[in-house]
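# Geometric and topological summary
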Amino acid sequence: GENVEQHPSTLSVQEGDSAVIKCTYSDSASNYFPWYKQELGKRPQLIIDIRSNVGEKKDQRIAVTLNKTAKHFSLHITETQPEDSAVYFCAASTPGKSTFGDGTTLTVKP
Amino acid sequence: DTGVSQDPRHKITKRGQNVTFRCDPISEHNRLYWYRQTLGQGPEFLTYFQNEAQLEKSRLLSDRFSAERPKGSFSTLEIQRTEQGDSAMYLCASSLLGGDEQYFGPGTRLTVT
């Protein structure tokens, strides 16, 4: 089955700095890679995603890159703000099934 | 609210009791997923439905767990003879057929005492 590893488990940055979270996956059949933000006590919210036929995608301050050959993908947040503080999860998906990483707790210090 | 809804939001039960949770997906979504999330972990896939058909089930799902989606709309997840290790947040998500984006419900937090 699919195995997703996510690093780091915790990340602390100063407001305005960039944050990078990295994930690796094992199953070459995975073709969809979403990122979720989960605030304490709330549901995971999709923030950006990328499909296997694309190498990079950007949405305002958030970008995701995918290296299919190396089976890794990364989330980049620029100009971080205190409201970006949350737990971020990556996932590797085939139709009908997503395997999630264990999450990264991001803290943005004002 | 047209998002995914789950009921109840919280459930406290004694070990050995049966519990049932309900999920109402976004109305036009054909696919429905169940996940379990424990503290400090990502959501763990349990099972998924396409319309009323249960197409995949995690091998982690013991025979005490059963899920149904009889009319292809809402779904129920039942846990029989609950154990303390079943304590977790049970999340439901839905997506369009042919779409990848999953939208999560608020979850049902189960505490087994």
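Below is a short write-up of the structure. Not measured: the values here are computed from a predicted model.

## A short note on the overall build of chain B
Counting its secondary structure elements, chain B contains 0 helices and 11 strands. Taken over the C-alpha trace, chain B has a radius of gyration of 13 Å; the compact-globule value for 113 residues is 13 Å, and the two agree within 12%. Projecting the C-alpha coordinates of chain B onto the three principal axes gives extents of approximately 40 × 25 × 25 Å. For chain B, the residues scored as buried account for 46% of the 113 residues in total. Intrachain contacts of chain B at a sequence separation of at least 6 include 54% that bridge at least 24 residues. Of the roughly 5800 Å² of accessible surface on chain B, a fraction of 44% belongs to carbon and sulfur atoms. Seen as two clouds, the 14 positive and the 14 negative side-chain charges of chain B have centres 8 Å apart.

## Comments concerning the overall build of chain A
The secondary structure content of chain A amounts to 0 helices and 11 strands. In chain A, the order of α-helices and β-strands from amino to carboxyl end is β-β-β-β-β-β-β-β-β-β-β. The C-alpha atoms of chain A give a radius of gyration of 13 Å, which matches the 13 Å a tight globule of 110 residues would have. Based on the C-alpha atoms only, the size of chain A along its principal axes is roughly 40 × 30 × 20 Å. Per-residue burial over chain A gives 43% buried out of 110 residues.

## Looking at the packing of aromatic side chains
A full pass over the atoms with the stated rule returns 13 aromatic pairs over all chains. Between the aromatic rings of tyrosine 36 of chain A and phenylalanine 100 of chain A, the centroid separation amounts to 5.6 Å while the plane-to-plane angle is 40°, which identifies the pairing as tilted. Taken together, the positions of tyrosine 36 of chain A in strand E4 (residues 32-38) and phenylalanine 100 of chain A in strand E10 (residues 97-100) put the pair 64 residues apart, joining distant regions of the chain. Here tyrosine 36 of chain A matches phenylalanine 100 of chain A in class, with each residue buried. An aromatic cluster is built from Tyr36 and Phe100 of chain A together with Tyr33, Tyr35, Phe45, Tyr48 and Phe104 of chain B, whose rings are joined through pairwise contacts. Over the aromatic face of phenylalanine 74 of chain B sits the side chain of arginine 22 of chain B, whose NZ or CZ is 3.9 Å from the ring centroid.

## Topic: unusual backbone geometry
The step from histidine 7 of chain A to proline 8 of chain A runs through a cis peptide bond, and the omega angle for that step is -5°. Of note, the amide linkage connecting aspartate 7 of chain B to proline 8 of chain B takes the cis form, showing an omega dihedral of -5°. Of note, proline 8 of chain B is situated in the loop between strand E1 (5-7) and strand E2 (10-13). If you check the backbone angles, arginine 81 of chain B has positive phi at about 50° while not being a glycine. Counting through the fold element by element, arginine 81 of chain B comes out in the loop between strand E8 (75-79) and strand E9 (88-95).

## Quick word on the sheet that holds strand E8 (residues 72-77) of chain A
Residues and elements named next belong to chain A. Strand order in this open sheet of 5 strands is E1-E3-E8-E7-E6, and the pairing throughout is antiparallel. At either margin of the open sheet sits one strand with a lone partner, and together these are strand E1 (4-7) and strand E6 (56-59). Pairs of neighbouring strands in the sheet enclose a mean axial angle of 15°, with direction left out of account. Here E1 pairs with strand E3 (residues 19-25) via 4 bridges, running antiparallel. Across the sheet, residue glutamine 6 finds its bridge partner in E3, namely cysteine 23.

## So, the state of the cysteines
Scanning the entire structure with this criterion turns up 2 disulfides over all chains. Linked covalently through their sulfurs, cysteine 23 of chain A and cysteine 90 of chain A form a disulfide whose S-S length is 1.9 Å. Judged by the torsion about the S-S bond (-100°), the cysteine 23 of chain A/cysteine 90 of chain A disulfide is left-handed. Placement of cysteine 23 of chain A in strand E3 and of cysteine 90 of chain A in strand E9 (residues 86-94) is noted, with a sequence separation of 67 residues between them. The burial state of cysteine 23 of chain A is the same as that of cysteine 90 of chain A; both residues are buried. The disulfide partner of cysteine 23 of chain B is cysteine 92 of chain B, and the gap between their sulfur atoms is 1.8 Å. For the disulfide bridge between cysteine 23 of chain B and cysteine 92 of chain B, the dihedral angle about the S-S bond is near -65°, and by the sign convention the bridge is left-handed. Placement of the pair is cysteine 23 of chain B in strand E3 (residues 19-24) and cysteine 92 of chain B in strand E9, with a sequence separation of 69 residues.

Cut-offs and rules
- Along each chain, residues carry numbers from 1 onward, in the same order as the chain's sequence is written.
- Each chain gets a letter, beginning with A, and each ligand a number, beginning with 1, in the order they are written.
- Selection of residues for local features in this predicted model requires a pLDDT of at least 70, selection of side-chain atom pairs for listing and counting requires 80 or more, and totals for whole chains, interfaces and linings are taken over all residues.
- Neither water nor hydrogens contribute to the side-chain values; these are computed over all heavy atoms in the structure.
- The secondary structure listing takes helices from DSSP runs of H or I that are at least 4 residues long and strands from runs of E that are at least 2 residues long, numbered from the N terminus.
- Note that the radius of gyration is over C-alpha atoms, with the globule rule given as 2.2 Å times the number of residues to the power 0.38.
- When a residue's accessible area, from a 1.4 Å probe over protein chains only, is under 20% of the maximum for its type it is buried; when over 50% it is exposed; and in between it is partly exposed.
- Any two residues whose heavy atoms approach within 4.5 Å are treated as being in contact.
- Note that accessible areas follow from Shrake-Rupley with a 1.4 Å probe, and for residues the cover is restricted to the protein chains shown.
- Asp and Glu are treated as the negative residues and Lys and Arg as the positive ones, with His and the ends of the chain left uncounted.
- Charge positions come from single atoms, namely NZ of Lys, CZ of Arg, CG of Asp or CD of Glu.
- Working definition: rings of Phe, Tyr and Trp (its six-membered ring) pair if their centres are within 6.5 Å, and the pair is stacked with planes under 30 degrees apart, edge-to-face with planes over 60 apart, and tilted otherwise.
- The rule for a charge over a ring is simple: NZ of Lys or CZ of Arg within 6 Å of the ring centre, and within 35 degrees of the ring normal.
- Strand pairing follows a simple DSSP-based rule, namely that at least 2 bridges must link the two strands.
- An axis is simply a line fitted to the C-alpha atoms; with a helix, the fit covers only the stretch in contact. Between two such axes, the angle follows the N-to-C directions and lies from 0 to 180 degrees.
- Cysteine sulfur pairs qualify as disulfides if the two atoms are within 2.5 Å.

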